[in-house]
Amino acid sequence: NIASFGGDPDNVTLIGQSAGAMSVNWQCAGLESEKLFAKAAMFSGGGTGFQEERVPCTGADAKRFGEQLKQYLNCGTLEELRSRSASQIISGTFACMRLAGRGLEVISPLPDSMVYPCGIQDSLDRGSIRRIPYLLCSTSEDLWKEGLVDAGRRWGMRLAQLGEKKVYQARLSR
């Protein structure tokens, strides 16, 4: 659709910040988005390192978590759950994450055989990650400052091993 706005469909940059940067990570590992963008920029959340520290979530785990969320919000059906406000869903999600002792992995994409054949780290390890120019930025105000710098560095080093020459990393401060 970018052409209808005067843009070049062969020169689209996908940009995300924080959780949006993690979504960009997943798009770079996915099969369905291959022709949708030519470059990626991730701010305060891109790279690798934090994904493999989490306990992987399976489809059964995600289903169980969804059932816990329905119970927490007193919903018997999916329709009842859909009738809840966004703030109820968000607060219920975080409450259930605390109760389950789980983190963001329960609300992150799950590898499957259609869109995400493997996770982000596996995609890097296998060399199946998109070979496009990347920009990874962190700021001096990020909550996980050193971890994000490290995550971006590991991402860039792995892509360099795969032959990608256009991986840039920046650290911004006020």
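If you're wondering where the values come from, they're calculated on a predicted model, not measured in any experiment.

S.K.: Help me understand the overall build of the protein in this model?
M.R.: Tallying secondary structure elements over the protein gives 7 helices and 4 strands in all. Ordered by position from the N terminus, the helices and strands of the protein form the series β-α-β-α-α-α-α-α-β-α-β. Counting every position in the protein, which comprises 174 residues, the buried fraction comes to 35%. Of the accessible surface of the protein, which amounts to about 10400 Å², a share of 55% is contributed by carbon and sulfur atoms.

S.K.: Hey, could you run me through the pattern of salt bridges in this one?
M.R.: Where charged atoms from two side chains of opposite charge approach closely, those side chains can pair. In total, this model carries 2 salt bridges according to the counting rule given. In this structure, Asp61 and Arg64 form a salt bridge, with 2.5 Å as the shortest nitrogen-oxygen distance. Of the two residues, Asp61 and Arg64 both sit in helix 3 (residues 59–72), 3 residues apart, roughly one turn of that helix. With a closest N to O distance of 3.5 Å, Lys70 and Glu67 form a salt bridge. Taken together, the residues span about one helical turn, with Lys70 and Glu67 both in helix 3 at a distance of 3 residues. Here Glu67 falls in the partly exposed class, since its relative accessible area comes to 40%.

S.K.: For this particular structure, what's the right way to read empty space enclosed by the protein?
M.R.: Rolled over the atoms, a probe sized like a water molecule indicates the empty space that remains. The full count for this structure, using the stated rule, is 1 cavity of 30 Å³ or more. Taken as a whole, the largest cavity spans an internal volume of roughly 30 Å³. In terms of lining residues, the largest cavity is bounded by Gly45, Gly46, Leu136, Cys137, Ser138, Leu148, Gly152 and Gln169. Ranked by residues supplied to the lining of the largest cavity, first place goes to strand 3 (residues 134–139) with 3 residues. Residues belonging to the lining of the largest cavity are distributed by class as follows: 3 nonpolar, 5 polar and no charged.

S.K.: I keep staring at helix 3 and nothing clicks. Help me out?
M.R.: Note that an α-helix has 3.6 residues per turn; residues three or four places apart therefore point the same way. Here helix 3 is 14 residues long and its end C-alpha atoms lie 20 Å apart, about the 20 Å a rise of 1.5 Å per residue gives. Within helix 3, burial applies to Asp61, Phe65, Leu69 and Lys70. Where the residues of helix 3 are buried, they touch helix 4 (78–82) and helix 5 (86–100). Asn74 lies just past helix 3 and shows a positive phi near 55 degrees.

S.K.: How do you make sense of the packing of aromatic side chains when you look at a structure like this?
M.R.: Each aromatic ring pair is characterised by the separation of its centres together with the angle its planes make. Throughout the structure, instances matching the rule amount to 1 aromatic pair. Seen in terms of ring centroids, Tyr134 and Trp155 are 5.3 Å apart; in terms of plane orientation they differ by 80 degrees. Their pairing is edge-to-face. In this pair, Tyr134 is assigned in strand 3 and Trp155 in helix 7 (residues 145–161), connecting sequence segments 21 residues apart. When sorted by exposure, Tyr134 lands in the same class as Trp155, which is buried. The ring of Phe37 has Arg130 sitting right over it, with the charged end atom 4.4 Å from the ring centre.

S.K.: Would you explain the confidence of the model for the protein in this entry?
M.R.: Close inspection of predicted coordinates is inappropriate in any region flagged by low pLDDT. Looking at the protein, pLDDT values average 82 and 88% of them are 70 or higher. Between the elements of the protein, mean pLDDT differs from a low of 51, seen in helix 2 (residues 50–53), to a high of 92, seen in strand 1 (residues 13–17).

S.K.: Teacher, can you tell me more about the sheet that holds strand 2 (residues 39–43) here?
M.R.: Strands belonging to one sheet form pairs held by backbone hydrogen bonds; the direction of such a pair is parallel or antiparallel. Pairing in this open sheet of 4 strands is parallel, and the strands run 1-2-3-4 from one edge to the other. Two strands lie at the open edges of the sheet, namely strand 1 and strand 4 (167–172), each paired on one side alone. Between one strand axis and the next, the sheet turns through 10 degrees on average, direction left out of account. In this sheet, strand 2 lies alongside strand 1 in parallel orientation, the contact comprising 5 bridges. Along strand 2, the bridge assignment pairs Thr13 with Lys39.

Cut-off values and rules
- Residues numbered from 1 in each chain as written.
- Predicted model: local features only at pLDDT ≥ 70, side-chain atom pairs only at ≥ 80, totals over all residues.
- Heavy atoms only, no water.
- Helix = DSSP H or I, 4+ residues; strand = E, 2+ residues; numbered from the N terminus.
- Buried < 20%, exposed > 50% of the residue type's maximum accessible area, 1.4 Å probe, protein only.
- Areas by Shrake-Rupley, 256 points an atom, 1.4 Å probe, with all protein chains shown as cover.
- Salt bridge = Lys/Arg side-chain N within 4 Å of Asp/Glu carboxyl O.
- 1 Å grid on protein atoms, 1.4 Å probe; cavity = no way out; pocket = protein on both sides within 12 Å on 5 of 7 lines; lining within 4 Å.
- Points joined across faces, edges and corners; volume = space filled by probe spheres on them.
- Nonpolar A, V, L, I, M, F, W, Y, C, P; charged D, E, K, R; others polar.
- Expected span 1.5 Å × (residues − 1).
- Contact = heavy atoms within 4.5 Å.
- Phe/Tyr/Trp six-rings, centres within 6.5 Å; stacked < 30°, edge-to-face > 60°.
- Lys NZ or Arg CZ within 6 Å of the ring centre and 35° of its normal.
- pLDDT = per-residue confidence, 0-100.
- Pairing = 2+ DSSP bridges.
- Axes fitted to C-alpha atoms, helices over the stretch in contact; angles between N-to-C directions.

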